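Listed below, chain by chain, are the residues.
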Amino acid sequence: MKNLLIKSAIASGVVLSLATITRPAMAASFAVSIENPTVQTANYSNLVNARVQNFDASALTTGYSTTGFAWADGTTNVGNYTNTLIVNQDQYGGAGGTGKYFDVDTNRSGGQQTVSTLNLTTAQSYFGLWWSAGDANNKLTFLSQGQVVQTMTTADVVSYIAKLPNKTSYYGNPNSPTQNTGEPYAFINFYDVGGTFDQVQFTNVGGTGFESDNHTVATSYKSITGSIVTAAVPESSSVLGIFVIGFVGAASVMTRRVNKKSVLQLS
């Protein structure tokens, strides 16, 4: 009987340990940062194998599409978007004040779209976007092999900007400063620390719209740049914890977890 208990305990420890090896690579959290006011592109010199989607290609027609479109960079197949809404530049979006931009908006899509998805061909560790006419109802979800590795709302970014001494510099469309002065515009960086992701979901809750442009991915990065909104927690401690649980468990047996355009208040 004693030998059976020992074998069962060791087996349970091994199963818990194997879970850390077979699960998708992921980080306990992401580091999130914003660039200086008026910056509308990523810091490309800091990124490795960076790819940018600016939605300005002539092949991309405006309007809502359930099938979406493929993202190719030359001969490289970066991935594909599904359930998409492309809009011409206006006071709410369009980096550089020209071209087209990406949106998630129940009203503009005729009530058909609340979530849009970017499926990536190769796992990435960085994602950035020019977040325009921002509000706290915008949400990003990062997945790896079908499993959610991080979910973030931009409410933290809104709160962070509101506390900055230069907060007014982020409000209003930088391409036409007198337009939409009640909402922030900023380039946001998302760094997956210690892991990767292969899918990004863009969600808008409440029908306020989620406008963005210059979506940027990179397989890796040299350092975390910009003003940090949220610091990451390294994954190693959580991995170690699972190993410890498994082997401590074995030892214990042997011895006996609306409207878009509502004005944000500056405080």
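Residues numbered from 1 in each chain as written. Predicted model: local features only at pLDDT ≥ 70, side-chain atom pairs only at ≥ 80, totals over all residues. Heavy atoms only, no water.

### What about the overall build of the protein?
- A count of helices and strands for the protein gives three helices and 17 strands.
- Looking at the protein as a whole, 45% of its 267 residues qualify as buried.
- For the protein, the exposed area adds up to about 12,400 Å²; of that, 56% sits on carbon and sulfur atoms. (Helix = DSSP H or I, 4+ residues; strand = E, 2+ residues; numbered from the N terminus. Buried < 20%, exposed > 50% of the residue type's maximum accessible area, 1.4 Å probe, protein only. Areas by Shrake-Rupley, 256 points an atom, 1.4 Å probe, with all protein chains shown as cover.)

### Brief notes about the sheet that holds strand β5 (residues 69-73)
- Ordered by their spatial adjacency, six strands build an open sheet running β5-β6-β9-β14-β11-β12, and the pairing between neighbours is antiparallel. Unpaired on one side and paired on the other, β5 and β12 (147-153) mark the two borders of the sheet. Mean inter-strand twist for the sheet, computed between neighbouring axes without regard to direction, equals 20°.
- As paired strands, β5 and strand β6 (residues 76-82) are joined by five bridges and run antiparallel to one another. Each bridged residue has a counterpart across the sheet, and for A72 the counterpart in β6 is N77. (Pairing = 2+ DSSP bridges. Axes fitted to C-alpha atoms, helices over the stretch in contact; angles between N-to-C directions.)

### Topic: the pattern of salt bridges
- Applying the stated rule across the entire model yields three salt bridges.
- R108 is the partner of D103 in a salt bridge, and the nearest nitrogen-oxygen pair spans 3.0 Å.
- By relative accessible area, which is 0% here, D103 ends up buried.
- With a relative accessible area of 33%, R108 lands in the partly exposed category. (Salt bridge = Lys/Arg side-chain N within 4 Å of Asp/Glu carboxyl O.)

### Here we look at the packing of aromatic side chains
- This model, assessed by the stated rule, comprises 18 aromatic pairs.
- Between the aromatic rings of F55 and Y81, the centroid separation amounts to 5.7 Å while the plane-to-plane angle is 65°, which identifies the pairing as edge-to-face. With F55 in the loop between β3 (51-53) and β4 (63-65) and Y81 in strand β6, this pair connects stretches of sequence that are 26 residues apart. Each member of the pair F55 and Y81 is classed as buried.
- Taking the centre distance of 5.9 Å and the plane angle of 65° together, the rings of F127 and F202 count as edge-to-face. On the criterion of sequence distance, the pair formed by F127 in strand β10 (residues 126-132) and F202 in strand β14 (residues 197-204) is long-range, its members being 75 residues apart. An identical accessibility class is assigned to F127 and F202; each is buried. (Phe/Tyr/Trp six-rings, centres within 6.5 Å; stacked < 30°, edge-to-face > 60°.)

### Here's the deal with the layout of surface pockets
- Each pocket or cavity is described by its volume, and for the second largest pocket that value is around 150 Å³.
- As for the second largest pocket, its lining consists of F30, V32, L140, Q150, M152, T153, T154, D156, V157, F190, V229 and T230.
- Counting residues per element, the ones that place at least two in the lining of the second largest pocket are β1 (30-34), β12, α2 (155-162) and β17 (227-230).
- In terms of residue class, the lining of the second largest pocket is made up of seven nonpolar, four polar and one charged. (1 Å grid on protein atoms, 1.4 Å probe; cavity = no way out; pocket = protein on both sides within 12 Å on 5 of 7 lines; lining within 4 Å. Points joined across faces, edges and corners; volume = space filled by probe spheres on them. Nonpolar A, V, L, I, M, F, W, Y, C, P; charged D, E, K, R; others polar.)

### A short note on α2
- Three or more residues of α2 are buried, namely V157, V158, I161 and A162. One side of α2 carries all its buried residues, which in axial view fall inside an arc of 135°.
- Elements in contact with the buried residues of α2: β1, β10, β13 (186-192) and β17. (Arc of directions from axis to C-beta. Contact = heavy atoms within 4.5 Å.)

### A short note on the confidence of the model for the protein
- The predicted model of the protein averages 83 in pLDDT, with 77% of residues at 70 or higher.
- In this model, residues 236-259 is a region of pLDDT below 50 whose contacts with residues beyond four sequence positions or in other chains number 24 contacts.
- Low confidence marks residues 261-267, where pLDDT is under 50. Its contacts with residues over four positions away, or in another chain, come to 17 contacts. (pLDDT = per-residue confidence, 0-100.)

### Here we look at the nonpolar core
- F127, F142, F190 and F202 are the most contacted members of the largest nonpolar core, which totals 36 residues.
- Among residues more than four places away in sequence, those in contact with F142 are F30, F127, Q147, V148, V149, Q150, F190, F197, Q199 and V200.
- A31, L47, V87 and A218 belong to the second largest nonpolar core, which has 15 residues in total. (Core = buried A, V, L, I, M, F, W, Y, C linked by side-chain atoms within 4.5 Å.)

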